[in-house]
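Analysis of the macromolecular model
The lines below spell out each chain.
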Amino acid sequence: MGNRAESQDLIDLGNRIRKRRQEIHLSQEVLAEKAGISPNTISRIEGGQTAMSIEIFRKLAVILKTDAGTLLGECKEEENHRLYDLICRAKKLKRKEQKILEKTMEVLIEGFGTEL
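You'll find the protein chain entered in an unreviewed UniProt entry as XRE family transcriptional regulator, with Blautia obeum given as the organism.

So this is what it looks like as structure tokens:
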């Protein structure tokens, strides 16, 4: 039973990777090139036929402009993509601007009654 559950997890992960790749209009070939692996490996990952290293998983998440939680099915994709986009934009700010943004977010979150 353990292998069957693991196989379904790989299939689900592959489906989420394929869906995200298609959403951002990347071919398997382009994704493979950017990740430094073969198109055949991408095909096998998307088909749930092979597991991947943490390094490849991390690369795919970055290339697909998403995060591990979304690819693993632990987060709502729509919400996560918006947050990811905001984080990417914040990373491009000057350090001083990032500090201001950080403080502002802390105040807002605390105002909602959520501990950091």
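A tally of helices and strands in the protein chain yields seven helices and zero strands. Tracing the protein chain from N to C terminus, the helices and strands come up as α-α-α-α-α-α-α. The buried share of the protein chain, reckoned over its 116 residues, is 26%. Of the contacts made within the protein chain by residues no fewer than 6 positions apart, 48% connect residues no fewer than 24 positions apart. By element, 55% of the accessible surface of the protein chain is carried by carbon and sulfur atoms, the whole surface being about 8400 Å².

So, about the nonpolar core. Counting residues in hydrophobic clusters, the biggest one holds 16 residues, and the most contacted among them are Ile17, Leu31, Ile37, Leu60, Leu64 and Leu71. Those elements that provide at least two residues to this core are helix H1 (2-23), helix H2 (28-35), helix H3 (39-46) and helix H4 (54-63). It is H4 that provides the largest number of residues to this core, a total of five residues. Once you skip the residues sitting within four places of it in the chain, leucine 64 turns out to touch Ile17, Arg20, Arg21, Ile24, Leu26, Leu31 and Leu71.

Located in the positive-phi region is histidine 25, a residue other than glycine, with phi close to 60°. Here histidine 25 lies in the loop between H1 and H2. The phi dihedral of lysine 65 falls on the positive side, at around 55°, and the residue is not glycine. A relative accessible area of 46% places lysine 65 in the partly exposed class.

With respect to the helices and strands, alanine 90 occurs in helix H6 (residues 77-91). Ignoring any residue separated from it by four or fewer positions in sequence, one finds alanine 90 in contact with Gln98 and Leu101.

Relative to the helices and strands, glutamine 98 is located in helix H7 (residues 95-111). Relative accessible area serves as the criterion here: at 19%, glutamine 98 is assigned to the buried category. Not counting chain neighbours up to four residues away, the residues in contact with glutamine 98 comprise Ala90, Lys91, Lys92 and Leu93.

Taken together, the buried positions of H4 are occupied by Ile56, Phe57, Leu60, Ala61 and Ile63. The buried residues of H4 all sit within an arc of 165° when viewed along its axis, so they share a single face. Where H4 terminates, the next one or two residues include lysine 65, which has phi positive at roughly 55°.

The next subject is a nonpolar patch on the surface. A cluster of nonpolar side chains, contributed by Leu83, Leu86 and Ile87, occupies part of the molecular surface with about 260 Å² of accessible area. Relative to the helices and strands, leucine 86 is located in helix H6.

A complete count under the given rule lists four salt bridges for this structure. With a closest N to O distance of 3.2 Å, glutamate 23 and arginine 20 form a salt bridge. Taken together, the residues glutamate 23 and arginine 20, both in helix H1 and three residues apart, mark about one turn of the helix. Taking the relative accessible area as the measure of exposure, glutamate 23 reaches 35% and is therefore partly exposed.

The rules behind each value
Residues numbered from 1 in each chain as written. Predicted model: local features only at pLDDT ≥ 70, side-chain atom pairs only at ≥ 80, totals over all residues. Heavy atoms only, no water. Helix = DSSP H or I, 4+ residues; strand = E, 2+ residues; numbered from the N terminus. Buried < 20%, exposed > 50% of the residue type's maximum accessible area, 1.4 Å probe, protein only. Contact = heavy atoms within 4.5 Å. Areas by Shrake-Rupley, 256 points an atom, 1.4 Å probe, with all protein chains shown as cover. Core = buried A, V, L, I, M, F, W, Y, C linked by side-chain atoms within 4.5 Å. Arc of directions from axis to C-beta. Patch = residues over 30% accessible without salt bridge, like charges linked within 9 Å, V, L, I, M, F, W, Y side chains within 5 Å. Salt bridge = Lys/Arg side-chain N within 4 Å of Asp/Glu carboxyl O.

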